[in-house]
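What the coordinates show
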Amino acid sequence: MTSTMRYSTPAVVLHWLIALLIFATFPLGLYMADLSLSPGKLKLISYHKWIGVTVFMLAGLRVAWRLTHTPPPLPVSVASWQRRVSAIVHGLLYLLILVIPVSGWLMSSAKGVPTVWFGVLPLPDLIGKDKALGHLLGEVHETLNYTLLTLVVLHVAGALQHHFIERQPFLQRMGLRRT
């Protein structure tokens, strides 16, 4: 595969770092949500927030990189409807990896729970304490995460379908080897 068909190294590294962090924080969020309030739950919430803030910062870098560096073109064999679906899914993925951490930060602010990145950098509350709004923002955060999960499944399914069924070099575009 030519280098013009592959994403740049910074794009690949940011893609996989963000994916790894999301794959860690999503199940962590599910697990901790049903725990009783305890020091252990508070520690898990802190980890979840640390990951969320990190995803937000990396996503900002990823979007900035994407806006300033043209991605490799899709193979000509990709149908026009697949190109449109790909563009929509990618756009929504970018949007959600930025919006979801902000929704969590807003929820924490409304619930009166400070966000302190890695326990050393306190982030300002984005809104004032409001219990009802905190609950609503919790629902929004959850819904956005399940929407992200759905889009990630579509994204992965599409990549695997192109790789294994259509035998197109989609996984190599993101730095993986052909099997």
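Structure first, text after, so check above.
Residues numbered from 1 in each chain as written. Predicted model: local features only at pLDDT ≥ 70, side-chain atom pairs only at ≥ 80, totals over all residues. Heavy atoms only, no water.

A few words now on a nonpolar patch on the surface. A grouping of Leu30, Tyr146, Leu149 and Val153 is seen on the molecular surface, where their side chains present a nonpolar patch of about 330 Å² in accessible area. Sort the elements by how many residues they give to the nonpolar patch and helix α4 (residues 131-165) lands first, with three residues. By the element assignment, Val153 lies in helix α4. (Patch = residues over 30% accessible without salt bridge, like charges linked within 9 Å, V, L, I, M, F, W, Y side chains within 5 Å. Areas by Shrake-Rupley, 256 points an atom, 1.4 Å probe, with all protein chains shown as cover. Salt bridge = Lys/Arg side-chain N within 4 Å of Asp/Glu carboxyl O. Helix = DSSP H or I, 4+ residues; strand = E, 2+ residues; numbered from the N terminus.)

Helices that pack against each other are described as a pair by the angle of their axes relative to one another and the distance between those axes. Orientation of helix α1 (residues 9-33) relative to helix α2 (residues 39-68), taken along the N-to-C sense of each, is 155°, at an axis distance of 9 Å. Our classification of the angle between α1 and α2 gives roughly antiparallel. α1 and α2 meet at a crossing whose hand is left-handed. Across the contact of α1 with α2, the residue classes tally to 21 nonpolar, five polar and two charged. (Axes fitted to C-alpha atoms, helices over the stretch in contact; angles between N-to-C directions. Parallel < 35°, antiparallel > 145°, perpendicular 65-115°, else oblique. Left-handed = near helix turned anticlockwise from the far one by under 90°. Nonpolar A, V, L, I, M, F, W, Y, C, P; charged D, E, K, R; others polar.)

Moving on, we get to the packing of α2 against helix α3 (residues 80-111). Two numbers describe how α2 lies on α3: the axes approach to 9 Å, and their chain directions differ by 145°. The element α2 and its partner α3 pack so that their crossing is left-handed. Between α2 and α3, the residues in contact are Lys49, Gly52, Val55, Phe56, Ala59, Gly60, Arg62, Val63 and Arg66 and Tyr94, Ile97, Leu98, Pro101, Val102 and Ser108, respectively. Here the contact of α2 with α3 is composed, by residue class, of nine nonpolar, three polar and three charged. (Contact = heavy atoms within 4.5 Å.)

Next up on the list: the layout of surface pockets. The method is simple in principle: a probe with the dimensions of a water molecule rolls over the atoms, and the space it marks as empty is what remains. In this model, the largest pocket occupies a volume close to 1200 Å³. Taken together, 42 residues form the lining of the largest pocket, with Met32, His48, Met107, Gly138 and His141 sitting closest to its centre. Looking at the lining of the largest pocket, the elements that each hand over two or more residues are α1, α2, α3 and α4. Element by element, the count of residues in the lining of the largest pocket is highest for α2, at 11 residues. Across the lining of the largest pocket, the residue classes break down as 24 nonpolar, 11 polar and seven charged. Counted as a void, the second largest pocket has a volume near 930 Å³. If you go around the second largest pocket, you meet 36 residues; those closest to its centre are His15, His90, Leu93, His155 and Val156. Only α1, α3, α4 and α5 (170-173) provide two or more residues apiece to the lining of the second largest pocket. (1 Å grid on protein atoms, 1.4 Å probe; cavity = no way out; pocket = protein on both sides within 12 Å on 5 of 7 lines; lining within 4 Å. Points joined across faces, edges and corners; volume = space filled by probe spheres on them.)

Take the nonpolar core next. Of all hydrophobic cores here, the largest spans 21 residues; its most connected members are Ile18, Ile22, Val55, Leu93, Leu96, Ile97 and Leu148. At the level of elements, α1, α2, α3 and α4 are the ones that each hand at least two residues to this core. (Core = buried A, V, L, I, M, F, W, Y, C linked by side-chain atoms within 4.5 Å. Buried < 20%, exposed > 50% of the residue type's maximum accessible area, 1.4 Å probe, protein only.)

Next up on the list: the environment of Leu37. Tracing the backbone through its elements, the reader meets Leu37 in the loop between α1 and α2. In this structure Leu37 comes out as exposed when scored by relative accessible area, which is 70%. Along the sequence, Leu37 and Leu121 sit 84 residues apart, while their C-alpha atoms lie 24 Å from each other.

Here the focus is α2. An ideal rise of 1.5 Å per residue puts 44 Å on 30 residues; α2 measures up with 44 Å between its terminal C-alpha atoms. Within α2, the full set of buried residues consists of Lys41, Leu44, His48, Lys49, Ile51, Gly52, Val53, Thr54, Val55, Leu58, Ala59 and Arg62. Against α1, α3, β1 (115-117), β2 (121-123) and α4 lie the buried residues of α2. (Expected span 1.5 Å × (residues − 1).)

A separate point is the packing of aromatic side chains. Enumeration according to the criterion identifies four aromatic pairs in this entry. Ring geometry for Phe26 and Tyr146: centres 5.8 Å apart, planes at 90°, overall edge-to-face. Taken as a pair, Phe26 in helix α1 and Tyr146 in helix α4 lie far apart in primary sequence, 120 residues in all. Take Tyr146: its relative accessible area is 36%, and that puts it in the partly exposed class. An aromatic cluster of at least three residues, connected via ring pairs, comprises Tyr47, Trp50, Trp117 and Phe118. (Phe/Tyr/Trp six-rings, centres within 6.5 Å; stacked < 30°, edge-to-face > 60°.)

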